[in-house]
Amino acid sequence: MFQAFTNKTGKRLSILVLAGGLAAITATTCDAQILHKKKKVNKSTSADNTAEPDKILYGRAMDDIKHGRQEVGRLSLQTLINTYPDSEYLAKAKLAIADSYYKEGGTANFTQAIQAYKDFEIFFPFLPEASYAQIQVANTHYRQLAKPDRDRTEAKAAEEEYQTFLEKYPKDPLAPQAEQRLRNVQEIIAEGDYRIGYFYYVKGDKRAAAARLIAITKRYPLYSKSDHALWMLGDIFERSEHNEIASQYYAQIVRSYPMSTLVPDARYKLKAFKVPVPQPDPKAQAWMVAEQNAPREHDSLIKKPLSLVRSGPHTELLAAARTGAPNLQPEADNTSATDILTPGNRSQLGGSTPAGGNAAVVEIVTPGSASSSGGAANGNATEEAPTTSAPADGNSANPGTAGDPKAAATPAAPPAAADANTNPVNTTTTTGTADAKPVGDGSTATQTSAGTNADGSQSSTPQNATDSGNQKESTSKKKKGLRKVMPW
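The model shown is predicted, which means the values in this text are computed figures rather than measured ones.

## Describing unusual backbone geometry
- Of note, Glu241 is a non-glycine position whose phi angle comes to about 65°, a positive value.
- Structurally, Glu241 is set in the loop between helix H11 (226-239) and helix H12 (243-256).
- Classification of Glu241 as exposed rests on a relative accessible area of 63%.
- With phi around 60°, Lys274 is a residue other than glycine that occupies positive phi space.
- With respect to the helices and strands, Lys274 occurs in the loop between helix H13 (263-272) and helix H14 (282-293).
- Under the relative-accessibility criterion, Lys274 is labelled exposed at 78%.

Here's what the structure looks like:
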């Protein structure tokens with residue numbers, strides 16, 4: 001019994017000890033909470049109130065843009081620009097507005113982004129962010145690129161903007177990115193021209209094919225199919241019996257693209273033309289070796305079928321050059337398809353004109369020179385004295401009032417009522433040409449060709465010259481109206 005009592009007492013003591021410990025812990029926690037209770041902060045002296053309001057606006061706007069609330073962020077930034085025009089955050093706000101349009105995407109937003117970036121360059125041309133704004137204009141066009149056989153407006157605009165960036169900021173940290181994207185854009189443009197030239201080449205239109213292919217080989221030497229374009233040009237001129245020109249294109253394949261698969265055939269052509277075969281250019285060979293060793297992406301078997309549904313270019317971006325300096329010169333469309341295969345202006349290809357065919361001749365007429373197909377029968381330009389004739393209704397058409405609406409609307413005065421200051425005029429009416437002959441008293445005798453009335457009689461019309469230059473009709477409106485109704 002004593003042992004049982006001891007066990008019960010021990011259990012009670014352990015329970016009491018545990019309860020006391022819990023009570024002590026609870027009391028300590030409550031005291032700590034009471035001791036470390038948050039103090040009320042006076043909002044009038046808060047750090048947020050002492051911050052600059054333009055800084056607060058800018059911070060809120062950037063937070064909204066970061067979380068996808070583009071329109072709300074742009075409204076806050078525009079409020080900052082309008083309310084605090086002298087703020088230090090003005091340039092950052094303008095650039096952030098352009099970035100928000102760029103991130104949001106879409107045709108309308110891209111247009112707004114381009115304009116905003118260009119405005120930033122205009123207002124802040126000396127800030128370090130000006131180079132970023134310029135490359136963002138080019139990147140905006142780059143994001144809207146279409147396939148080579150589609151509209152190339154965005155590709156041309158992107159090429160121009162990247163060229164501008166590389167010319168203005170050649171040592172900028174973003175220059176390597178701009179160079180590679182310029183190579184990609186020029187690959188797309190050249191691919192579009194190559195497809196058109198290849199179509200005309202297969203069709204047999206030599207002149208149209210040569211116009212496209214020559215432009216490719218001159219402007220885009222880094223194009224992945226430039227050697228094929230040179231081969232087609234050599235073949236075109238060879239068929240047109242211009243072997244001396246064809247040999248130049250074959251030689252360019254050997255010299256500029258020494259690792260091309262067309263080099264053996266080009267060497268054979270040059271030997272057939274009995275032209276010396278050039279040596280490969282060491283720089284061109286080093287460039288082609290670097291291109292072969294450059295890392296490139298490769299489409300998997302799963303991604304290849306997706307090329308049919310892609311709206312933008314993809315294969316061209318994979319085939320674009322990775323090394324070499326892109327062309328930084330703006331495009332000048334000086335290649336005329338009508339003057340490619342033969343000298344002069346006669347559009348005739350190699351052989352003679354077929355029977356029944358036309359050899360079109362384009363005549364270039366410079367300002368100040370006479371055309372060979374003039375209006376005169378003998379080809380000479382002649383001047384004749386102006387003649388005036390009365391219309392069939394008997395009313396005079398006054399040449400002096402042709403360009404004066406006031407004079408045309410003023411009724412005529414009779415010849416006898418001429419001003420005293422007016423020189424006397426002797427008028428004679430004949431059916432011949434008009435000749436002006438001087439009269440002894442300084443007046444002028446004018447002969448005017450007369451019209452014929454309905455009854456066969458000839459009507460004469462006097463001409464009245466005054467100092468003010470206003471000449472009037474010789475008949476009244478009433479008589480004119482009567483003659484319209486009754487021509488006799």
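Next, the rest of the story.
## Let's talk about the packing of aromatic side chains
- This model, assessed by the stated rule, comprises 12 aromatic pairs.
- Ring geometry for Tyr142 and Tyr162: centres 6.3 Å apart, planes at 80°, overall edge-to-face. Placement of the pair is Tyr142 in helix H7 (residues 129-142) and Tyr162 in helix H8 (residues 153-168), with a sequence separation of 20 residues.
- Since its relative accessible area comes to 15%, Tyr142 is described here as buried.
- Among the aromatic residues, those joined into a cluster by ring pairs are Tyr194, Tyr198 and Tyr223.
- The lysine or arginine in question, Arg74, covers the ring of Tyr101, its NZ or CZ lying 4.1 Å from the ring centre.

## A closer look at the nonpolar core
- Of all hydrophobic cores here, the largest spans 48 residues; its most connected members are Tyr162, Phe165, Val185, Tyr194, Leu213 and Leu233.
- When residues in this core are grouped by element, the largest group, eight residues, is from helix H9 (residues 175-203).
- Other than its neighbours up to four places away in sequence, Phe165 contacts Ser131, Gln134, Ile135, Pro170, Asp172, Leu174, Ala175 and Ala178.
- By size, the runner-up hydrophobic cluster in this structure holds 25 residues, among which are Ile81, Ala116, Ala133 and Val137.

## Details of the pattern of salt bridges
- Under the criterion given, the structure shown has 18 salt bridges.
- Residues Arg195 and Asp149 are paired through a salt bridge, measuring 4.0 Å at the closest nitrogen-oxygen approach. You can see Arg195 sitting in helix H9 and its partner Asp149 sitting in the loop between H7 and H8, a full 46 residues away along the chain.
- Its relative accessible area of 35% is what places Arg195 among the partly exposed residues.
- You can call Asp149 partly exposed: its relative accessible area is 47%.
- Between Arg296 and Glu291 there is a salt bridge, with the nearest N and O atoms lying 2.5 Å from each other.

## Considering the confidence of the model for the protein
- Mean pLDDT over the protein works out to 73, with 58% of the residues at or above the 70 mark.
- Across the protein, the secondary-structure element scoring lowest on mean pLDDT is strand E3 (residues 444-449), at 39, and the one scoring highest is H7, at 97.
- Throughout residues 30-36 the model reports pLDDT below 50, and contacts reaching past four residues in sequence, or to other chains, amount to zero contacts.
- Segment residues 344-479 is flagged for pLDDT under 50; beyond a separation of four residues in sequence, or across chains, it makes 131 contacts in the model.

## Focus on a nonpolar patch on the surface
- On the surface, Leu306, Leu308 and Val309 cluster together to form a nonpolar patch covering roughly 350 Å² of accessible area.
- The exposure class of Val309 is exposed, given its relative accessible area of 66%.

## A short note on the packing of H9 against H11
- Relative orientation of the contacting elements H9 and H11 amounts to 30°, with a least axis distance of 11 Å. Judged on the interaxial angle alone, H11 and H9 are roughly parallel. For the pair H9 and H11, the crossing hand works out as left-handed. Contacts between H9 and H11 involve Tyr194, Tyr198 and Tyr201 from the first element and His228, Ala229, Met232, Asp235, Ile236 and Arg239 from the second.
- Here the contact of H9 with H11 is built from residues that sort into six nonpolar, one polar and two charged.

## Comments concerning the environment of Leu90
- Among the secondary structure elements, Leu90 is positioned in helix H5 (residues 90-104).
- Leu90 gets classed as buried once you look at its relative accessible area, which sits at 18%.
- When the C-alpha atoms of Leu90 and Leu77 are compared, they prove to be 8.7 Å apart, with 13 residues separating the residues in sequence.
- Other than its neighbours up to four places away in sequence, Leu90 contacts Ile81, Pro85 and Phe124.

## Thoughts on helix H6 (residues 107-123)
- Here H6 contains 17 residues, and its C-alpha end-to-end distance of 25 Å stays within 8% of the 24 Å for a straight helix at 1.5 Å per residue.
- Those residues of H6 that fall on the buried side of the exposure criterion are Asn109, Phe110, Ala113, Ile114, Ala116, Tyr117, Phe120 and Glu121. One side of H6 holds all its buried residues, which, seen down the axis, span an arc of 170°. Opposite the packed face of H6, turned more than 90 degrees from it, sit the exposed residues Thr107, Ala108, Thr111, Ile122 and Phe123.
- Elements that come into contact with the buried residues of H6 comprise H5, H7 and H8.

## Remarks on helix H3 (residues 53-66)
- Between its first and last C-alpha atoms H3 spans 20 Å; for 14 residues at 1.5 Å apiece the expected length is 20 Å, and the two agree.
- For H3, every residue scored as buried is listed here: Asp54, Tyr58, Ala61, Asp64 and Ile65. Angularly, the buried residues of H3 cover 125° about the axis, an arc narrow enough to put them on a single face. Residues of H3 that are exposed and angled more than 90 degrees away from the buried face: Arg60 and Lys66.
- The inward-facing, buried residues of H3 contact helix H4 (70-83) and H5.
- After H3 finishes, the residue Gly68 shows a positive phi value of roughly 90°.

The rules behind each value
- Residues numbered from 1 in each chain as written.
- Predicted model: local features only at pLDDT ≥ 70, side-chain atom pairs only at ≥ 80, totals over all residues.
- Heavy atoms only, no water.
- Helix = DSSP H or I, 4+ residues; strand = E, 2+ residues; numbered from the N terminus.
- Buried < 20%, exposed > 50% of the residue type's maximum accessible area, 1.4 Å probe, protein only.
- Phe/Tyr/Trp six-rings, centres within 6.5 Å; stacked < 30°, edge-to-face > 60°.
- Lys NZ or Arg CZ within 6 Å of the ring centre and 35° of its normal.
- Core = buried A, V, L, I, M, F, W, Y, C linked by side-chain atoms within 4.5 Å.
- Contact = heavy atoms within 4.5 Å.
- Salt bridge = Lys/Arg side-chain N within 4 Å of Asp/Glu carboxyl O.
- pLDDT = per-residue confidence, 0-100.
- Patch = residues over 30% accessible without salt bridge, like charges linked within 9 Å, V, L, I, M, F, W, Y side chains within 5 Å.
- Areas by Shrake-Rupley, 256 points an atom, 1.4 Å probe, with all protein chains shown as cover.
- Axes fitted to C-alpha atoms, helices over the stretch in contact; angles between N-to-C directions.
- Parallel < 35°, antiparallel > 145°, perpendicular 65-115°, else oblique.
- Left-handed = near helix turned anticlockwise from the far one by under 90°.
- Nonpolar A, V, L, I, M, F, W, Y, C, P; charged D, E, K, R; others polar.
- Expected span 1.5 Å × (residues − 1).
- Arc of directions from axis to C-beta.

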